[in-house]
Amino acid sequence: QVQLVESGGGLVQTGGSLRLSCAASGLTFSKNVMGWFRQAPGKEREFVAGISWSGGRTEYTDSVQGRFTISRDNAKNTVYLQMNSLKPEDTAVYYCAARGDYKTTVYQYLYEYTYWGQGTQVTVSS
């Protein structure tokens, strides 16, 4: 049974930082592309960042480029999202997702991912 468990969310002031973690089990983590998505109240879930199986390729949505960093530790079956210079518009539930793929690629669309975590709330106060 595949499980993705996010942690690290919370309440932070504008300009602050948070580090999200997503621990994976039940899959061969090193053979999965990983992604972070977010969903704000009343909005659709959107792509935030993605990383290839090796970590050699990363992609970000424009609004977080330069502020967020995605990384992974295949030995720990964990993907991270370091979020700096947080803004109120970053407030959302953050989800990690996985798709089995051994190519150096990153996926940006919801339908391209197979497994999802339950999410962790990030709230940025102004």
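For the structure, see preceding data.
Residues numbered from 1 in each chain as written. Predicted model: local features only at pLDDT ≥ 70, side-chain atom pairs only at ≥ 80, totals over all residues. Heavy atoms only, no water.

Chemist: If you had to explain the packing of aromatic side chains to someone new, which residues and values would you point to?
Modeler: Taken as a whole, this structure holds 7 aromatic pairs when the rule is applied. Taking 6.4 Å as the distance between ring centres and 90° as the angle between the ring planes, the aromatic pair formed by Y107 and Y113 counts as edge-to-face. What makes Y113 buried here is its relative accessible area of 6%. Grouping aromatic residues by their ring pairs yields a cluster made of F37, F47, Y107, Y113 and W116. Looking at R19, its charged tip hangs above the ring of Y80, at a distance of 4.0 Å from the centre. Looking at R45, its charged tip hangs above the ring of Y95, at a distance of 3.6 Å from the centre. (Phe/Tyr/Trp six-rings, centres within 6.5 Å; stacked < 30°, edge-to-face > 60°. Buried < 20%, exposed > 50% of the residue type's maximum accessible area, 1.4 Å probe, protein only. Lys NZ or Arg CZ within 6 Å of the ring centre and 35° of its normal.)

Chemist: Break down the pairing of strand β8 (residues 78-83) for me, with residues and values.
Modeler: When you tally the buried positions in β8, you get 5 out of 6 residues, the bulk of the element. Of the strand pairs in this sheet, strand β3 (residues 18-25) and β8 are connected by 6 bridges, and their pairing is antiparallel. The residue of β8 that forms the bridge with R19 is Q82. In terms of strand pairing, strand β7 (residues 68-73) meets β8 through 6 bridges, oriented antiparallel. (Helix = DSSP H or I, 4+ residues; strand = E, 2+ residues; numbered from the N terminus. Pairing = 2+ DSSP bridges.)

Chemist: Describe unusual backbone geometry, listing the residues and the values that go with them.
Modeler: Within the chain, N77 stands out as a residue other than glycine whose phi angle is a positive 55°. Tracing the backbone through its elements, the reader meets N77 in the loop between β7 and β8. Residue N77 is classed as partly exposed on the basis of its relative accessible area, which comes to 27%. Of note in the backbone geometry, S85 takes a positive phi value of approximately 50° without being a glycine. S85 sits in the partly exposed class, given a relative accessible area of 41%.

Chemist: Give me the lowdown on the side chain of T91, citing residues and values where you can.
Modeler: Looking at the element boundaries, T91 is found in the loop between β8 and β9 (92-100). Separated by 2.9 Å, the side chain of T91 and the backbone oxygen of P88 make a polar contact. A polar contact of 2.9 Å, which involves the side chain of T91, links it to the backbone nitrogen of V124. (Polar contact = N/O pair within 3.5 Å; in protein donor to acceptor, adjacent residues only side chain to side chain.)

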